[in-house]
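Okay, here's what each chain looks like letter by letter:
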Amino acid sequence: IDYPSDRLHIWDEAIIQSDKAYRKKVHDLVFTNCHTHVAHPLNMIRFRGSKEWTMFHIGWMCLTESHYTTWSAIVRTYIQTIILWSFIIAAAIFL
């Protein structure tokens, strides 16, 4: 994440506060997950001028703004999701 170097102490404080807030929360796959944990400090610092970061925004940002080192890294990242959705779609069509 690009963040001005003169404001890194604000970023660090937001991470610390977010970790304290999420330390005792139970993480699950739907409502309170790693994406919501990341969105919390971004909202605190108004990253990119927004205070409306959600797990969907974080997921989209990871999908569209990530930089990979190799094509195999891309495959390893998304192969599980592709397989899962393939099974779901196949089950919906054939069952």
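Residues numbered from 1 in each chain as written. Predicted model: local features only at pLDDT ≥ 70, side-chain atom pairs only at ≥ 80, totals over all residues. Heavy atoms only, no water.

Here we take up the nonpolar core. Residues Trp11, Ala14, Ala39, Leu42, Ile45, Phe47, Trp53, Ile58 and Met61 constitute the largest nonpolar core, which totals nine residues. Counting only elements with at least two residues in this core, the list comes to helix 1 (8-22), helix 2 (34-44) and helix 3 (55-65). Not counting residues up to four positions away in its chain, the partners in contact with Trp53 are Ala39, Leu42, Asn43, Phe47, Arg48, Ile58 and Met61. (Core = buried A, V, L, I, M, F, W, Y, C linked by side-chain atoms within 4.5 Å. Buried < 20%, exposed > 50% of the residue type's maximum accessible area, 1.4 Å probe, protein only. Helix = DSSP H or I, 4+ residues; strand = E, 2+ residues; numbered from the N terminus. Contact = heavy atoms within 4.5 Å.)

Let us look at the side chain of Thr36. In this fold, Thr36 is placed in helix 2. A polar contact is formed between the side chain of Thr36 and the backbone oxygen of Asn33, at a distance of 2.7 Å. Look past the residues within four positions of Thr36 in its chain and what remains in contact with it is Tyr22, Phe31 and Met55. (Polar contact = N/O pair within 3.5 Å; in protein donor to acceptor, adjacent residues only side chain to side chain.)

Bringing the state of the cysteines into the picture now. Defined simply, a disulfide is a covalent bond joining two cysteines at their sulfur atoms. One pass over the structure, following the stated rule, counts zero disulfides. Summary of cysteine pairing: Cys34 is not part of a disulfide, and the nearest cysteine sulfur, belonging to Cys62, is at 8.0 Å. Given a relative accessible area of 37%, Cys62 falls into the partly exposed group. (Disulfide = S-S within 2.5 Å.)

Okay, the packing of aromatic side chains next. One pass over the full model with this rule turns up two aromatic pairs. When the centroid spacing of 5.7 Å and the interplanar angle of 45° are considered together, the rings of Phe47 and Trp53 count as tilted. Ring geometry for Tyr68 against Tyr78: centres 6.1 Å apart, planes inclined by 70°, an arrangement best described as edge-to-face. With Tyr68 in the loop between helix 3 and helix 4 (71-94) and Tyr78 in helix 4, this residue pair connects regions lying ten residues apart in the sequence. Residue classification places Tyr68 among the partly exposed positions, given a relative accessible area of 30%. Of note, Lys25 hangs over the ring of Tyr22, and the distance from its end group to the ring centre comes to 4.5 Å. (Phe/Tyr/Trp six-rings, centres within 6.5 Å; stacked < 30°, edge-to-face > 60°. Lys NZ or Arg CZ within 6 Å of the ring centre and 35° of its normal.)

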